[in-house]
Amino acid sequence: MSAVANPATVGECLRVGAGFSQGDRNWIAEQFATLDARLAGFHADATELEVSVKDREARGQKVTLECWIAGRQKIVTTSSEEDLHAALNDVRDDLRRRLNDAKTRQEPRHNKHLRDIPQPQGEANESEDPARVDAETA
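Residues numbered from 1 in each chain as written. Predicted model: local features only at pLDDT ≥ 70, side-chain atom pairs only at ≥ 80, totals over all residues. Heavy atoms only, no water.

Looking only at helices and strands, one finds six helices and four strands in the protein chain. Along the protein chain, helices (α) and strands (β) appear in the sequence α-β-α-α-β-β-β-α-α-α when read from the amino end. Here the protein chain holds 138 residues, and the buried ones make up 33% of them. Once local pairs closer than 6 in sequence are excluded, the contacts in the protein chain between residues at least 24 apart make up 52%. (Helix = DSSP H or I, 4+ residues; strand = E, 2+ residues; numbered from the N terminus. Buried < 20%, exposed > 50% of the residue type's maximum accessible area, 1.4 Å probe, protein only. Contact = heavy atoms within 4.5 Å.)

See below:
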């Protein structure tokens, strides 16, 4: 895999849409910070995220997170959780799952068998410290 010169981050790519103010952007970006590792494989100038909420803090609120990455289909995740914090976590986790699924689908088929072969487990050497062997297997 080639390294990306300008990797995407939530802080760089996130826009707040309807229902959120620009003041909400920082704490939302903090909630979504765990997506940075997943987004790092994409160029920042070709990646966009937008989060919006309909009927904020009302009984039927709906949080939507949209992700655009150049050369890929748009990914839309939604949550109807009543708690705004829980809804943001829900859409974040769903986006992470969908990005992982999309990556798996795009991997070359001829490499798939390499992922399916279990790696051999090395047997403990008698000369090794038993406490260390136990710590490694724990």
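Next comes the rest of the write-up.
As a further point, take the nonpolar core. Counting 27 residues, the largest nonpolar core has F32 and V51 as its most contacted members. Secondary structure elements with two or more residues in this core: helix 1 (10–13), strand 1 (14–16), helix 2 (25–31), strand 2 (47–54), strand 3 (62–69) and helix 4 (84–106). The leading source of residues in this core is helix 4, at six residues. (Core = buried A, V, L, I, M, F, W, Y, C linked by side-chain atoms within 4.5 Å.)

Before going further, it helps to spend a moment on a negative patch on the surface. A grouping of E81, E82, D83 and D90 is seen on the molecular surface, where their side chains present a negatively charged patch. Looking at where E82 falls in the secondary structure, it is placed in the loop between strand 4 (75–79) and helix 4. (Patch = residues over 30% accessible without salt bridge, like charges linked within 9 Å, V, L, I, M, F, W, Y side chains within 5 Å. Areas by Shrake-Rupley, 256 points an atom, 1.4 Å probe, with all protein chains shown as cover. Salt bridge = Lys/Arg side-chain N within 4 Å of Asp/Glu carboxyl O. Lys, Arg positive; Asp, Glu negative; His and termini not counted. Charge placed at Lys NZ, Arg CZ, Asp CG, Glu CD.)

A regular strand places its side chains on the two faces of the sheet in alternate fashion. Among the eight residues of strand 2, six are classified as buried, and the element is accordingly described as predominantly covered. Pairing of strand 1 with strand 2 involves three bridges; the strand directions are parallel. Paired with L14 across the two strands is L49, which belongs to strand 2. Looking at chain direction, strand 2 and strand 3 are connected through eight bridges and run antiparallel. The partner of T47 across the bridge, within strand 3, is I69. (Pairing = 2+ DSSP bridges.)

This model, assessed by the stated rule, comprises eight salt bridges. The salt bridge partner of R97 is D94, with a shortest N-O separation of 3.8 Å. Of this pair, R97 and D94 are both found in helix 4, three residues apart, which corresponds to roughly one turn of the helix. Put simply, R15, E48 and E50 are held in one network by salt bridges that share partners.

Strand order in the open sheet made by the four strands is 1-2-3-4, with mixed pairing throughout. The strands lining the two open edges of the sheet, one partner per strand, are strand 1 and strand 4. Adjacent strand axes in the sheet meet at a mean angle of 15°, parallel and antiparallel pairs treated alike. (Axes fitted to C-alpha atoms, helices over the stretch in contact; angles between N-to-C directions.)

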